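# A structural walkthrough
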Amino acid sequence: MSRQRVDSQGSIGPNDEVMPYSDDETDDELDDETSESEAEVAPEAPQPPMETRPPGGFRQLTLVGWKVKANDRAYHQLPEFKKKIFLCIKKSRYSGNAIKTYKYNALTFLPLNLYEQFKRVANIYFLVLLILQSIPEITTLPWYTTLIPLVIVLGITAIKDLVDDLARHRMDKEVNGRKCEVLLDGRFQDSKWRNIQVGDVVRLKKNDFIPADILLLSSSNPNSLCYVETAELDGETNLKFKMGLRVTDERLQEEQELAEFNALIECEEPNNRLDKFTGTMQWAGERYPLELDNMLLRGCKVRNTDVCHGLVIFAGADTKIMRNGGKTRFKRTKIDELMNYMVYTIFVLLILVAAGLAIGHTYWYQDIGSRAWYLYDGKHQDAGYRGFLSFWGYIIVLNTMVPISLYVSVEVIRLGQSKFINWDLQMYYHEKDTPAKARTTTLNEQLGQIQYIFSDKTGTLTQNIMQFKKCTIAGRSYGTTSVIFIEDWNRLADKKFDFVDHLLVANIKSKKDKDALEFFKLLSLCHTVMVESNDGELVYQAASPDEGALVTAARNFGFVFLSRTQDTITISEMGREATYEMLALLDFNSDRKRMSIVLKFPDGRIRLYCKGADTVIYERLSPNTRHKDATQRALDMFANETLRTLCLCYKDISASEYESWSRKHKDAQLTMVDRDAALDRVYEEIETNLMLIGATAIEDKLQDGVPETIAKLAKADIRIWVLTGDKKETAENIGYSCSLLTDDMQVHYGEDVNEKLRIRQADRRNSAPQTIRARKKKPAEPFFPGSGKNALIITGGWLIDFVDMACECEAVICCRVTPKQKANVVSLVKKYKKAVTLSIGDGANDVNMIKTADIGVGISGQEGMQAVMSSDFAFAQFRYLQRLLLVHGRWSYIRMCKFLRYFFFKNFAFTLVHFWYSFFNGYSAQTVYEDWFITLYNLAYSSLPVLLVGLLDQDVNDRLSLKFPKLYLPGQQETMFNYKNFFISLFHGIFVSLIIFFIPYGAFLQTMGQDGEAPSDLQSFAVVTASSLIFTVNLQISLDTSYWTFVNCFAVLGSIAIYFGIMFDIHSAGIHVIFPSIFTFTGAAPNALRQPYLWLTIILTVGMSLLPVICIQFLYKTIWPSVGDKYEEDLKRSEEEEARRKRPAFQRDRPSRRSAYAFSHTPGYANLISTGRSIRRRPQARGGPQDGTREHSRRDAQAM
């Protein structure tokens, strides 16, 4: 029976109950899906089906091309297995087992690292500048003004890369040097991992790491079972089992038998698919199918198995774990892109300014320079050529407009912000000892700009801890009565299983209800659970929490799964042990949505048991099945209660029917091309005419804090979409329970979508071409007119046409979606809405979605660590998402924006002083400042305060950030850093440079110093302008700092102190004597700064530079307060009112109360005590002094 495909465009809409067709895709293939996800398609064009790729797109690559001969190293060196690497040089296509993860060695580190660093445009720019500065005719600055900052920036990056690579060297050496037993010359010998080759037989012991991708041959456990821990592979710590073939288990236990083993393995080429392996083994004239369950992958560790033997299939770089260490998707933030564009803008401005000044020099030289005898330099150059040289001179002088330290500073800030996320104890989950983890350091500020969140349901919003709650058997529902414990009659029951129906227990104990017995027998047999005995207790190892819950339920109703081998399953049926022969296991996958098992009963009968989603089971039911409608009603009821459902059914098979099907099944198992598709077709043949038994309902509770988190994120104007494979009813009810859907929303379903899209497309078809062009220029009319809230609940088949409609809704739930469709939803919104997206999930089926979004968040839950390993940020509970976004994301965005605005400002203010000076020096590309000041300005004098603002600044604390989610809006609207802010920083820098140049210029013009000397030399002028600039930029960052700490204060004062300390040193006579040609400003600073007049000039310059900023900030605070200012003021006002309301009339020990005793208002007890009379009060005097105290307490309170 072929799977039904869904057309989402025509007049016939998708059926919400039909699972859309999909196939499993690799991450690389996902890049090709955008062409299949086009939402804006001409109506007249015929629409392709959702899947245009042939089924098993990846599997087309797995043609037979990899052959491995056991115990025959020479076989793999044959010419047919050689590949050309350079000209006529060839080497074996089979990799050795030594790995190399490092990038550099002693010879290649310097050239290769420099090559990588000079891929950055800014570094190339400064290298070109350095070359220009070595040309005497155009240089206006010494070479060291560019070389020193460039070397420091390159050196810091190189040291970081070197430290990382040395760690990789050490790790490679340790891994390659591990020991393993290899079968050589007929016996096992110790060998280092690096010496292992493809085709070797190895022996592994308990707790050994697996050295290569190995075919399991035999083990010390029964039936060649081998338990492995895959923590290094996928992060999961729970044990998984692998199983050798029956033939190798029986015939390959002894060393001699292993030495004579000469099988030929034909399998897929090396690839990165951790979840698939296809191959065959030819041995002794027979062919045997191989699959992933027979493979031990490199990176795993052998557990609970004393000894196992295996054959090396892939070694070294060909292993799956090494193949997965390849390319990753590089994610960049919006601020990164904007910052690069702004650097390009600065390049353009630099060229324009330099060109303008060069033209000015050309005309100046024609009119003045060429006629002034005292300017003659002996060079016979015309004005045009001198203007050309002046252009390059100004490129050098104004080079600091492009900040060389910008990229390094940004990386330092991001690293610090990532550490703050890792150290946040409020995102630490104590129950599992799981802290939050920033797995990347490049995306922190993007967390403050999220507009859409795409969330998985199971394990993300819910706990993924499954509890068997209800069931329906033969049309009758159970699970509505009170709690009882059933271990009195079932000694093998799980004590933690505490909910059961009285009637169901009675039916089971009486053994009269055959359907109930068959129901739980199916649950105890149809699964892939493994069992262990721990101190006499049965411990189940399940691939999924659902399967574990179902087997545990069967166990508590008397059908206890005891053990399994490769071809048998043993259970206890109401105390009686029975063993069933397993003829075939038709496993579950995301396309099939079901699993089946074919069993031979002890009495010889053959029966198929099947469990799966109702959508795929119902279309395979026999027309003669009973209780179909009653079960459907029960399923709807369970779904309305947000329970997860599975249908159970069976089919009796004749011996002849099984024999015919078995041959097809074996052929499909042995096929090497598209084996999964061939098996699916064979499975379809036998999974027909099923007889329905009933259905199970499992509860998956919401995590703590989910409704509150969703409500808070919604207030921050973040749209949340839930993408799940559950039924529509289940998804909708979960939506209500987690506050994603609210009672004031109008919910629209697939049928509404179909109708609205049909109307929109018909309207587009009937419109004239000019009308269509006119419409493109104005926004399309909304799908949902009116101001009410809307929500959308759709199935996977609608995922092409719905983007515009869905983005009008406050909430969207996509149910019945496959992992690939989850990724398509994210890419559609990214592509057509240009929105910043975040995906959050906990399982392997969420990996594509996590990688596709701008930000991927993994939850370390019950489904392993695949999502975490693919994520950018990870934590243990969904509720931590609000803190990640509203606190860390918002702070990171604000800090980065403030840092960039200030960084650009301080460089413009510093550099453009040269521009104003050029009008007074004949546009000759001379500098105002001393050379060493230019060198150290960005490195030492102004870097630390702005770096600390980028790391520590807060406009409001974390409590207010969470209390007022609207504070998040500026990041979404990109109001804090954009081209407007950039040009504000530019004009601010122009204004400050104007003040810093012209006020000292006016002060130096025709003035006389205290000692009668005129302090109007260039060196004194340079000292005054430089000092004014340092004071201005450091005080400016002080005005911009919202959150003061000791470190910030120390950085500002320290930067100023460092400036004066270095300046007095390099202006001293001592250093001039040692380096007379480098340090030429001898005595300039002491001579200039002993003049009070120049100190007044500096104070006036700094004051004039900062006064407009102070006035503007005051006006903004009072007239145009920001969102944060408003909320902070409201909070202060509300706290003051609350304090006034709660203030008591009298507080003991209150320090401000002074009239309680010293100035007593009534006579005390002194006279009574001195006279010796009784101090016992009379009843009528009970109120005297006390009343006086209370009265004056009230007066004091009123007076306050």
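Keep in mind the model is a prediction, meaning the values are calculated, not measured.

## Overview of the overall build of the chain
Across its full length, the chain holds 41 helices and 35 strands. Across the 1200 residues in the chain, those meeting the buried criterion constitute 52%. Pairs at least 24 residues apart make up 72% of the contacts formed inside the chain by residues separated by at least 6 positions. Counting only carbon and sulfur atoms, one obtains 56% of the accessible surface of the chain, whose full area is about 55,300 Å².

## Things to note about the nonpolar core
One finds Leu 406, Phe 899, Leu 900, Phe 904, Tyr 929, Phe 933 and Leu 1029 to be the most contacted residues of the largest nonpolar core, which totals 97 residues. At 13 residues, the largest contribution of residues to this core is made by helix 27 (residues 880-911). Not counting residues up to four positions away in its chain, the partners in contact with Tyr 929 are Ala 909, Phe 910, Val 913, His 914, Ile 934, Ala 1022, Thr 1025, Ala 1026 and Leu 1029.

## Points about the UniProt feature "active site" (unreviewed entry) in the chain
Mapped onto this structure's residue numbering, the UniProt feature "active site" (unreviewed entry) falls at Asp 456. Take Asp 456: it is sitting in the loop between strand 17 (452-455) and strand 18 (462-473). On the accessibility criterion, Asp 456 (4% relative accessible area) is buried. Not counting residues up to four positions away in its chain, the partners in contact with Asp 456 are Leu 461, Leu 723, Lys 822, Ile 840, Gly 841, Asp 842, Asp 846 and Met 849. A distance of 3.2 Å separates a polar atom in the side chain of Asp 456 from a polar atom in the side chain of Lys 822.

## Quick notes on the sheet that holds strand 9 (residues 239-243)
Reading across from one edge, 9-8-14 is the order of the three strands in this open sheet, with antiparallel pairing throughout. Strand pairing shows two members of the sheet lacking a second neighbour, strand 9 and strand 14 (301-303), which therefore form its edges. Between one strand axis and the next, the sheet turns through 45 degrees on average, direction left out of account. Two elements, strand 8 (residues 225-229) and strand 9, share five bridges in a ladder whose sense is antiparallel. Residue pairing for strand 9: Leu 225 is matched across the bridge by Met 243.

## Concerning helix 30 (residues 943-952)
Along helix 30, seven of the ten residues are buried, which leaves the element largely enclosed by surrounding structure. Buried within helix 30 are the following residues: Pro 945, Val 946, Leu 947, Leu 948, Val 949, Gly 950 and Leu 951. Tucked into the core, helix 30 has its buried residues touching helix 11 (406-423), helix 27, helix 34 (1018-1040) and helix 35 (1046-1066).

## What about the packing of helix 33 (residues 979-1004) against helix 38 (residues 1092-1118)?
Each pair of packed helices can be described by the angle between their axes along with the distance between the axes. With their axes 10 Å apart at the nearest point, helix 33 and helix 38 run at an angle of 155 degrees to one another. As the angle between them shows, helix 33 and helix 38 are arranged roughly antiparallel. In this structure, helix 33 crosses over helix 38, and the sense of that crossing is right-handed. Taken together, the residues of helix 38 that come into contact with helix 33 (itself represented by His 988, Phe 991, Val 992, Ile 995, Ile 996, Ile 999, Pro 1000, Ala 1003 and Phe 1004) are Tyr 1093, Leu 1094, Thr 1097, Leu 1100, Thr 1101, Met 1104, Ser 1105, Pro 1108 and Val 1109.

## Remarks on a nonpolar patch on the surface
On the surface, Val 121, Tyr 341, Tyr 344, Tyr 979, Phe 983 and Phe 987 cluster together into a nonpolar patch covering about 600 Å² of accessible area. Within the residue set of the nonpolar patch, elements represented by two or more residues are helix 9 (334-369) and helix 33. No other element matches helix 33, which puts three residues into the nonpolar patch. In this structure, Phe 983 sits in helix 33. A residue is classified by how much of its surface remains accessible, and Phe 983, at 33% relative accessible area, is partly exposed.

## Description of unusual backbone geometry
The residue Asp 185 is not glycine, and still its phi comes out positive at about 55 degrees. Secondary-structure assignment places Asp 185 in the loop between strand 4 (179-184) and strand 5 (187-192). Judged by relative accessible area, Asp 185 falls into the exposed class, the value being 77%. Phi is positive for Ala 925, close to 60 degrees, though the residue is something other than glycine. Turning to its location among the elements, Ala 925 is positioned in the loop between helix 28 (913-918) and helix 29 (931-941). When its relative accessible area of 2% is taken as the criterion, Ala 925 is described as buried.

## Looking at the pairing of strand 33 (residues 837-841)
With five of its five residues buried, strand 33 lies for the most part within the structure. Alternating positions in strand 33 separate into two faces, Thr 837, Ser 839 and Gly 841 on one and Leu 838 and Ile 840 on the other, with burial throughout. Across four bridges, the pairing between strand 17 and strand 33 is parallel. Counterpart to Phe 454 in the pairing with strand 33 is Ser 839. Strand direction decides the pairing type here: strand 33 and strand 34 (residues 855-859), joined by four bridges, are parallel. Counted as the bridge partner of Leu 838 is Ile 855 from strand 34.

## Examining the pairing of strand 12 (residues 286-291)
Note that strand 11 (residues 278-283) and strand 12 share six bridges and pair antiparallel. Pairing of Gln 282 across the sheet is with Arg 287, part of strand 12. Once strand 11 ends, the chain turns through two residues before running back antiparallel as strand 12, passing Ala 284 with a positive phi of about 55 degrees.

## Some points on the packing of helix 11 against helix 30
As a packed pair, helix 11 and helix 30 sit with axes 9 Å apart at the nearest point and diverge in direction by 35 degrees. In this structure, the crossing between helix 11 and helix 30 has a hand that is right-handed. Touching Ser 409, Val 412, Ile 413, Gly 416, Gln 417 and Phe 420 of helix 11 are Leu 947, Gly 950, Leu 951 and Leu 952, all from helix 30. Here the contact of helix 11 with helix 30 is composed, by residue class, of six nonpolar, four polar and no charged.

## Points about the confidence of the model for the chain
Of all residues in the chain, 81% attain a pLDDT of 70 or more, and the chain-wide mean is 80. Under a pLDDT of 50 for its full length, residues 483-487 has, in the predicted model, 13 contacts with residues more than four places off or in other chains. The low-confidence segment residues 1146-1200, where pLDDT is below 50, has 23 contacts with residues more than four positions distant or belonging to other chains.

## A short note on a positive patch on the surface
On the surface, Lys 173, Lys 179, Lys 192 and Arg 194 cluster together to form a positively charged patch. With respect to the helices, strands and loops of the structure, Arg 194 is situated in the loop between strand 5 and strand 6 (201-205). Judged by relative accessible area, which is 38%, Arg 194 ranks as partly exposed.

## Observations regarding the packing of aromatic side chains
A full pass over the atoms with the stated rule returns 57 aromatic pairs. A ring pair is formed by Phe 261 and Trp 283, whose centres lie 5.0 Å apart and whose planes are at 85 degrees; its orientation type is edge-to-face. Of this pair, Phe 261 sits in the loop between helix 7 (255-259) and strand 10 (264-267) while Trp 283 sits in strand 11, placing them 22 residues apart in sequence. The exposure class of Phe 261 is buried, given its relative accessible area of 1%. If you follow Arg 251 out to its NZ or CZ, it ends over the ring of Trp 283, 4.3 Å from the centre. Note that Arg 555 overlies the ring of Tyr 540, its terminal NZ or CZ placed 5.4 Å from the centroid.

## Quick word on the side chain of Lys 301
Considering the arrangement of structural elements, one finds Lys 301 in strand 14. No salt bridge forms around the buried Lys 301; measuring N to O, its nearest opposite-charge neighbour Glu 229 is 5.5 Å away. Setting aside its immediate chain neighbours within four residues, Lys 301 contacts Asn 207, Asp 208, Phe 209, Tyr 227, Val 228 and Glu 229.

## With respect to the sheet that holds strand 11
If you trace the four strands from one edge of the open sheet to the other, you get 1-10-11-12, paired in antiparallel fashion. Because the sheet does not close on itself, it has two edges, and the strands there are strand 1 (66-69) and strand 12. When strand polarity is set aside, the average angle formed by the axes of neighbouring strands in this sheet is 20 degrees. Both strand 10 and strand 11 contribute to a ladder of four bridges, which runs antiparallel. Bridge pairing in strand 11 links Ile 265 to Met 281.

## Digging into the environment of Phe 1021
When you line up the elements, Phe 1021 lands in helix 34. The class for Phe 1021 is buried, based on a relative accessible area of 6%. Taking C-alpha positions, Phe 1021 is 9.4 Å from Ala 1084, a pair spaced 63 residues apart along the chain.

Here is what the cut-offs are and how they apply
In this convention, every chain numbers its residues from 1, walking through the sequence in written order. Reporting in this predicted model follows two pLDDT cut-offs: at least 70 for local features of residues, and 80 or more for side-chain atom pairs to be given and counted; totals over whole chains, interfaces and linings ignore these cut-offs and use all residues. In computing side-chain properties, one takes all heavy atoms of the structure into account and sets aside hydrogens as well as water. Under the DSSP-based scheme used, a helix requires at least four consecutive residues in state H or I and a strand at least two consecutive residues in state E, with every element numbered from the N terminus. Burial classes: relative accessible area under 20% of the type maximum marks a residue as buried, over 50% as exposed, and values in between as partly exposed (1.4 Å probe, protein chains only). Here, two residues are considered to be in contact whenever any of their heavy atoms come within 4.5 Å of each other. The accessible surface values rely on the Shrake-Rupley method and a 1.4 Å probe; as for residues, cover is taken only from the protein chains in view. As used here, the term nonpolar core means buried Ala, Val, Leu, Ile, Met, Phe, Trp, Tyr and Cys residues forming a set that is joined through side-chain atoms within 4.5 Å. UniProt positions are given in the numbering used here, feature names are shortened, and annotations may be inferred rather than shown by experiment. Contacts described as polar in this section are N or O atom pairs within 3.5 Å, which, within protein, must combine one atom able to donate a hydrogen with one able to accept it, while residues neighboring in sequence count only if both atoms come from side chains. At least two DSSP bridges between two strands are required for those strands to pair. Between N-to-C directions, angles span 0 to 180 degrees; the directions come from axes that are lines fitted to C-alpha atoms, helices contributing only their stretch in contact. Should an angle fall under 35 degrees it is taken as roughly parallel, and over 145 as roughly antiparallel, whereas 65 to 115 is taken as roughly perpendicular and any remaining angle as oblique. For any helix crossing, the convention is left-handed if the near helix is rotated counterclockwise from the far helix by under a right angle, and right-handed if that rotation is clockwise. Only residues whose relative accessible area exceeds 30% and that form no salt bridge enter a patch; like-charged residues are grouped when within 9 Å of one another, and nonpolar side chains (Val, Leu, Ile, Met, Phe, Trp, Tyr) when within 5 Å. Salt bridges are defined as contacts in which a side-chain nitrogen from Lys or Arg sits within 4 Å of a carboxyl oxygen from Asp or Glu. In this classification, Asp, Glu, Lys and Arg are treated as charged, Ala, Val, Leu, Ile, Met, Phe, Trp, Tyr, Cys and Pro as nonpolar, and every other residue, Gly included, as polar. Confidence of the prediction at every residue is given by pLDDT, a number between 0 and 100. For the charge count, each Lys or Arg is scored as positive and each Asp or Glu as negative, with His and the chain ends excluded. Where a charge sits is defined by one atom per residue type, namely NZ (Lys), CZ (Arg), CG (Asp) or CD (Glu). Stacked, tilted and edge-to-face are the three classes assigned to paired rings of Phe, Tyr and Trp, where Trp is represented by its six-membered ring and a pair needs centres within 6.5 Å; plane angles under 30 degrees give stacked, over 60 edge-to-face, the rest tilted. The rule for a charge over a ring is simple: NZ of Lys or CZ of Arg within 6 Å of the ring centre, and within 35 degrees of the ring normal.

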